Each structure stands twice: as structure tokens, then as C-alpha cells.
Amino acid sequence: MNEHARAWPALWSLVIGFFMILVDSTIVSVATPAIMEGLKADINQVVWVTSAYLLAYAVPLLITGRLGDRFGPKNLYLVGLVVFTAASAWCGFSGTVETLIVARVVQGLGAALMTPQTMAVITRVFPPERRGAAMGLWGSVAGVATLVGPILGGVLVDTLGWEWIFFINVPVGVIGFVLAARLVPKLPTHSHRFDWLGVVLSAAGMFCIVFGLQEGESYNWGTIAGPISVWSLIILGVVLMAIFVAWQYFNKSEPLLPLKLFKDRNFSLANIAITGMGFAITAMVLPLMLYAQNVRSLTPTEAALLMVPMAVISGGLAPVVGKLLPKVNPRYFAVAGFAILSIALFWLGSMLTPDVPIWQLLMPIALFGFANAGIWAPVSMTATRNLDPAQAGAGSGVYNTTRQIGAVLGSAAIATLMTSRLTANLPAIPGGGSAPKGDSGPLPEFLHAGYASAMGQSLYLPAIVILVALVAAFFFAKPKARSFPGQAPQQDEPAKTVGAQP
């Protein structure tokens with residue numbers, strides 16, 4: 001009973017760290033021009049600053065959840081927070097883009113240690129009838145954090161320099177550590193077997209796919225080295241992921257990815273939907289920030305302030321949606337949210353020209369806020385609502401992983417598309433070569449129209465991907481009415497179900 005009484009303080013202390021690691025998924029986008037100038041990097045290199053973080057974050061998520069079950073979610077969360085905070089300081093002190101990318105990999109590993117533990121604590125310390133409200137808070141934080149990132153990043157880049165988008169994590173990490181150490185209860189631990197073959201297959205497959213997609217344009221979609229071509233690398237990644245799924249099916253011990261979870265219709269569809277959302281939220285910010293700074297000559301702060309309508313509307317509506325979720329089918333919110341987001345992205349992409357009034361850009365951006373409020377909490381609640389409590393921990397680990405895989409693919413795909421569209425839209429230099437793409441220094445005015453068109457066309461990609469998420473949400477089944485027998489058994493539930501969590 002003591003654990004239940006401490007449930008909300010524990011969750012709020014964990015939310016600080018969860019908020020911080022999600023902000024770091026998007027905060028780099030607004031600092032991209034400053035990082036390119038400061039570290040003399042091109043756009044492909046600096047996109048790896050985000051992709052390396054997302055990849056290192058996504059791949060270990062399934063196994064770090066199980067590590068939390070073995071050594072305690074509180075202990076793993078605190079270790080991850082220390083790693084994340086130290087790596088943040090390393091990022092800020094980086095003198096080359098290569099060093100920054102390596103530091104971001106370590107930062108992503110710290111984030112991977114932390115994230116599953118937040119969901120494990122929800123599952124284990126909240127009784128079933130209160131778990132939905134806790135999940136709603138978790139989903140709302142996810143939505144708001146991905147919007148706050150660019151705004152906070154803009155202010156820090158303009159006032160203190162790009163390094164401070166990383167240095168700011170150090171005091172926040174220290175505060176989060178103290179609060180979590182005091183407020184998160186220690187929970188029973190259970191041993192697990194670890195599917196190391198699954199870890200290797202999934203990591204190698206994801207790396208091959210992401211590297212091939214992101215670097216394909218750099219190699220003209222041809223040979224990388226020796227007999228290795230871009231397409232052979234991507235195909236190898238797909239084959240490795242197929243072998244990984246097959247191994248999960250035949251591994252009767254403790255597979256890294258419990259495929260039986262996907263027998264639940266809502267869980268399967270919610271994972272498709274959140275993969276599309278992870279893709280879109282990562283892919284949509286970078287083209288807009290590059291357009292705002294390179295074409296409209298806005299400062300990082302001014303560019304980030306474009307996102308204020310989205311952040312304010314989403315932050316205001318998310319708690320309202322969370323309160324309505326127990327009474328209203330989450331499908332209605334999710335379908336409306338995805339439809340609004342796709343419309344807004346197509347609208348914004350068609351508007352990006354060198355002279356469109358800024359106030360007109362704010363209209364589709366405001367729609368992003370309505371969309372986000374209807375997506376994060378409803379989809380996350382749909383994913384786990386019908387699962388047996390004994391499967392909720394494993395389900396949350398898979399759900400977090402698919403969201404991050406979507407973000408990784410979004411980061412890689414938008415880099416490739418932006419490069420391709422810039423090549424197609426910017427004029428060639430007489431005598432060979434291509435016009436500068438704003439990798440360093442101001443963009444010449446005669447290139448503004450082509451650059452704006454390239455960024456606008458890039459926004460159509462996340463708009464199309466969101467339509468896939470919309471179709472998945474349309475087929476969400478109405479959540480089952482869950483009845484839980486007396487309180488006494490539920491007080492023992494965390495101890496009895498812990499072994500099934502990742």
C-alpha cells in the first residue's frame with residue numbers, strides 16, 4: 001500500500017528525466033545551422049548528431065527494460081541519468097562534429113536505460129484503475145517535450161551558444177537524480193535470460209538501414225567501399241531484421257520482442273500509429289527550422305518562436321484530453337489528431353516561399369498543437385489498455401521501441417529527401433558543380449526560392465507517413481471494459497507480474 005501512496009510523487013520525479021531525454025530528440029534541429037558553422041560541418045554530418053542519438057536510444061530499449069527488472073527500475077534509471085547527464089556535458093565541450101556524434105551515442109545509451117523504467121514504475125506502483133491517468137500524463141509529457149525542444153533550443157543558441165542546448169541538461173539531471181533517489185520506491189527484482197542474439201541482429205539491421213538511407217545521396221546511391229553498395233547495405237539491413245523477427249518467433253525462452261503481444265489488435269495498430277508519429281515529429285521540424293533561418297534570416301530564437309502556437313495549444317489541451325479518455329473512445333481523438341496533422345503538414349509545405357507573411361505560417365503550426373493533443377495520450381493508452389496487467393511492462397517496452405524506430409527512420413529519410421530536393425531545386429554553377437546549400441554562411445538571395453521549395457517539398461514526406469498512422473488509428477477497436485476484483489489481490493499485483501515485464 002505504501003508503494004501506491006508514493007505513486008504520483010515517484011512518477012513526477014521520473015517525468016523530469018523523461019521530459020529531458022525527449023527534448024534532446026528535437027532540440028538539435030533549431031541549432032543545426034549554428035552547429036554547422038561552429039564545427040565546420042555539412043548538413044549530412046550534422047543530421048547524424050540527431051540520428052546517432054536516436055539510433056543509440058532505440059536499439060537497446062527492449063533489453064534495458066529487462067535489465068531494470070533484474071536490477072531494479074530505480075537503479076537502472078539512476079545509472080542512465082548519470083550517463084545521460086555526463087554525456088550532455090561531453091557534447092557541450094565537443095570541438096569537432098565527430099566528437100559530438102560519439103558523445104550523442106553515449107547520451108542515447110543513457111536515455112535507453114532511463115525510458116523503460118518510467119513505464120515499468122507506472123505498471124508496478126499504480127493500481128489498474130489509476131493506471132490510465134498515469135499513462136495519460138506520460139503521453140502528454142511526450143507530446144509537450146517534443147514541441148518544447150525547438151523553442152528552448154532557439155533561446156539557448158541565441159543567448160549562450162549551441163553548446164548550451166547540452167549544458168542545460170547538467171543541472172536538470174542533478175535535480176532529477178536527487179528527486180528520483182528520494183521519491184522512487186525500490187521494487188522487487190527478478191532474474192531474466194537475455195536474448196543477446198536478438199540484440200545483435202536488431203542493432204545491426206537498424207544500423208544498415210539507417211546508414212544506407214541517410215548516406216545514400218552522399219554516395220549517389222552507388223558504391224560505398226569495395227563490393228558494398230548503398231542498396232546492398234539497405235537490403236542486408238532488411239534481411240537482418242527479418243531474421244530477427246524469425247528468431248523471436250522460434251525463441252521459446254525469453255525473446256527480446258514477445259510476438260504474442262501483437263495478437264491484440266489495438267496493440268498492433270497503436271504501434272504502427274506511434275511509429276508514424278515518431279517519424280513525423282522528427283522529420284517535420286528540421287526543414288522548417290532551416291527554412292526559417294536560411295531563407296527568412298530569422299535568429300534561432302525567432303525561428304523557434306514559430307512553434308509557440310503548437311506548444312501552447314498542445315500543452316493546454318493535453319490534460320483535457322487525458323481527463324476525457326476514460327469516457328470517450330480514444331480512437332476518435334487519434335483519428336482526428338492524425339488527420340489534422342497531415343492536413344497541416346501539406347498546408348505548411350505548400351506555403352514555404354521566400355516572401356510568405358510569417359503570420360500565415362502560424363496557422364498550420366497552430367493546427368499541429370490540436371493534432372498533438374489528440375495523438376500522444378490516446379495512442380499510448382490504446383496500446384496497453386487491452387493487455388493483461390502481466391503483459392503491460394513488456395508492451396510498454398515494445399511501444400517505446402517502435403516509437404524510437406520511427407524517429408530514427410524519420411531523421412534518416414528527411415536528410416536524404418532534403419539533400420535530393422536541394423539538388424533538384426538549386427541552380428547549377430556554370431562550368432559544373434552545384435550551388436551552395438547553406439551549409440555554412442548566409443544563403444545568397446538568388447537561392448532563396450529554390451531552397452524554400454526544397455524545404456516545403458520535404459514536409460510532404462511526414463504528411464504522407466502520417467496518413468498510414470491515420471489508417472491504423474481508424475481501425476482501433478473500442479477498449480474492453482476491464483473489471484478488477486477486490487483491492488486485496490491488486491495490492492499484490494506488482495510483485496506477481498514483475499517477472500513478465502521487460
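Refer to the preceding data block for the structure.
About the thresholds
Residues numbered from 1 in each chain as written. Predicted model: local features only at pLDDT ≥ 70, side-chain atom pairs only at ≥ 80, totals over all residues. Heavy atoms only, no water. Helix = DSSP H or I, 4+ residues; strand = E, 2+ residues; numbered from the N terminus. Buried < 20%, exposed > 50% of the residue type's maximum accessible area, 1.4 Å probe, protein only. Contact = heavy atoms within 4.5 Å. Axes fitted to C-alpha atoms, helices over the stretch in contact; angles between N-to-C directions. Parallel < 35°, antiparallel > 145°, perpendicular 65-115°, else oblique. Left-handed = near helix turned anticlockwise from the far one by under 90°. Nonpolar A, V, L, I, M, F, W, Y, C, P; charged D, E, K, R; others polar. Phe/Tyr/Trp six-rings, centres within 6.5 Å; stacked < 30°, edge-to-face > 60°. Expected span 1.5 Å × (residues − 1). Bend = angle between axes of the 7 residues up to and from the residue. Core = buried A, V, L, I, M, F, W, Y, C linked by side-chain atoms within 4.5 Å. 1 Å grid on protein atoms, 1.4 Å probe; cavity = no way out; pocket = protein on both sides within 12 Å on 5 of 7 lines; lining within 4 Å. Points joined across faces, edges and corners; volume = space filled by probe spheres on them. Domains from an automatic or database assignment. Patch = residues over 30% accessible without salt bridge, like charges linked within 9 Å, V, L, I, M, F, W, Y side chains within 5 Å. Areas by Shrake-Rupley, 256 points an atom, 1.4 Å probe, with all protein chains shown as cover. Salt bridge = Lys/Arg side-chain N within 4 Å of Asp/Glu carboxyl O. Polar contact = N/O pair within 3.5 Å; in protein donor to acceptor, adjacent residues only side chain to side chain.

## A closer look at the overall build of the protein
Then, number 1: Assigned secondary structure in the protein consists of 22 helices and two strands.
Then, number 2: Looking at the 502 residues of the protein, the share that counts as buried comes to 59%.
Then, number 3: For the protein, the proportion of contacts with a sequence separation of at least 24, taken over those separated by at least 6, is 84%.

## Focus: the packing of helix α12 (residues 265–294) against helix α16 (residues 358–373)
For any two helices packed against each other, the geometry comes down to the angle between their axes and how far apart the axes lie.
Then, number 1: Relative to each other, α12 and α16 sit at 160°, their axes nearing to 14 Å. In this view, α12 runs roughly antiparallel relative to α16, as classed from their interaxial angle. Remark: the crossing between α12 and α16 carries left-handed chirality. In this structure, α12 contributes Met277, Ile281, Met284, Leu288 and Tyr291 to the contact, and α16 contributes Leu361, Ile365, Phe368 and Asn372.
Then, number 2: When the residues that make up the contact of α12 with α16 are grouped by side-chain class, the tally is eight nonpolar, one polar and no charged.

## Looking at the packing of aromatic side chains
Then, number 1: Per the stated rule, a full pass over the model turns up 11 aromatic pairs.
Then, number 2: Look at Trp164 and Phe167: their rings are 5.2 Å apart centre to centre, the planes differ by 75°, and that puts the pair in the edge-to-face class. In this pair, Trp164 and Phe167 are both assigned in helix α8 (residues 164–167), three residues apart and thus about one turn of the helix distant.
Then, number 3: Relative accessible area serves as the criterion here: at 16%, Phe167 is assigned to the buried category.
Then, number 4: Through a chain of ring-to-ring contacts, three or more aromatic side chains come together here, namely Trp48, Phe207 and Phe211.

## A short note on helix α14 (residues 308–324)
Then, number 1: Between its first and last C-alpha, α14 extends 25 Å over 17 residues, near the 24 Å set by a 1.5 Å rise per residue.
Then, number 2: Considering bend angle alone, the principal kink of α14 is centred on Ala318 and spans about 30°; proline Pro319 follows within four residues of it.
Then, number 3: Regarding α14, the residues found buried are Met310, Ala311, Ser314, Ala318 and Val321.

## Some thoughts on the nonpolar core
Then, number 1: By size, the foremost hydrophobic cluster in this structure holds 145 residues, and its most contacted members are Phe338 and Val379.
Then, number 2: The greatest single-element share of this core, amounting to 18 residues, is contributed by α12.
Then, number 3: If we skip the residues at most four places from it in the chain, Phe338 touches Ala273, Met277, Ile375, Val379, Ile466, Ala469, Leu470 and Ala473.
Then, number 4: With six residues, the next largest nonpolar core counts Val321, Leu325, Ala373 and Met381 among its residues.

## So, the environment of Phe474
Then, number 1: With respect to the element layout, Phe474 can be found in helix α20 (residues 460–474).
Then, number 2: Sequence-distant contacts of Phe474, defined by excluding residues within four places in its chain, comprise Arg331 and Val335.

## Things to note about empty space enclosed by the protein
Then, number 1: Counting across every chain of the model gives three cavities of 30 Å³ or more.
Then, number 2: Looking at the lining of the largest cavity, the elements with two or more residues in it are α2 (7–39), α3 (43–58), α12 and α18 (392–425).
Then, number 3: In terms of residue count, α2 provides more of the lining of the largest cavity than any other element does, five residues in total.
Then, number 4: Here the lining of the largest cavity spans two domains, and each of domain 1 (1–186) and domain 3 (257–426 + 447–476) adds at least three residues to it.

## Some points on the environment of Gly406
Then, number 1: The residue Gly406 is located in helix α18 in this model.
Then, number 2: When its relative accessible area of 1% is taken as the criterion, Gly406 is described as buried.
Then, number 3: In the structure, Gly406 is positioned 348 residues away from Ala58 in sequence and 9.2 Å away in space, judged by C-alpha atoms.
Then, number 4: Not counting residues up to four positions away in its chain, the partners in contact with Gly406 are Thr275, Gly278 and Phe279.

## Looking at unusual backbone geometry
Then, number 1: The phi dihedral of Lys40 falls on the positive side, at around 55°, and the residue is not glycine.
Then, number 2: One can find Lys40 in the loop between α2 and α3.
Then, number 3: Looking at Lys40, the relative accessible area reads 69%, which means it is exposed.
Then, number 4: A positive phi angle, near 60°, is found at Ser297, a position not held by glycine.

## Considerations on a nonpolar patch on the surface
Then, number 1: A contiguous nonpolar patch, built from Val82, Val174, Phe177 and Val178 and spanning about 310 Å² of accessible area, is present on the exposed surface.
Then, number 2: The dominant element in the nonpolar patch, judged by the number of residues it contributes, is helix α9 (residues 169–183), at three residues.
Then, number 3: In this structure, Phe177 sits in helix α9.

## Describing the packing of α2 against helix α5 (residues 73–93)
Then, number 1: The N-to-C vectors of α2 and α5 enclose an angle of 40°; their axes lie 12 Å apart at closest approach. In terms of orientation, α2 and α5 fall into the oblique class. At the point where α2 passes α5, the crossing takes the left-handed sense. Only Tyr77, Leu81 and Phe84 of α5 make contact with α2, whose side of the interface consists of Ser13, Leu14, Gly17, Phe18, Met20, Ile21 and Asp24.

## Structural notes on the side chain of Ser411
Then, number 1: Its location among the elements puts Ser411 in helix α18.
Then, number 2: For Ser411, a relative accessible area of 4% translates into the label buried.
Then, number 3: Within polar-contact distance, the side chain of Ser411 engages the side chain of Ser51 at 2.6 Å.
Then, number 4: Residues contacting Ser411, with those up to four places away along its chain left out, are Val47, Thr50, Ser51, Leu54, Gln214 and Thr282.

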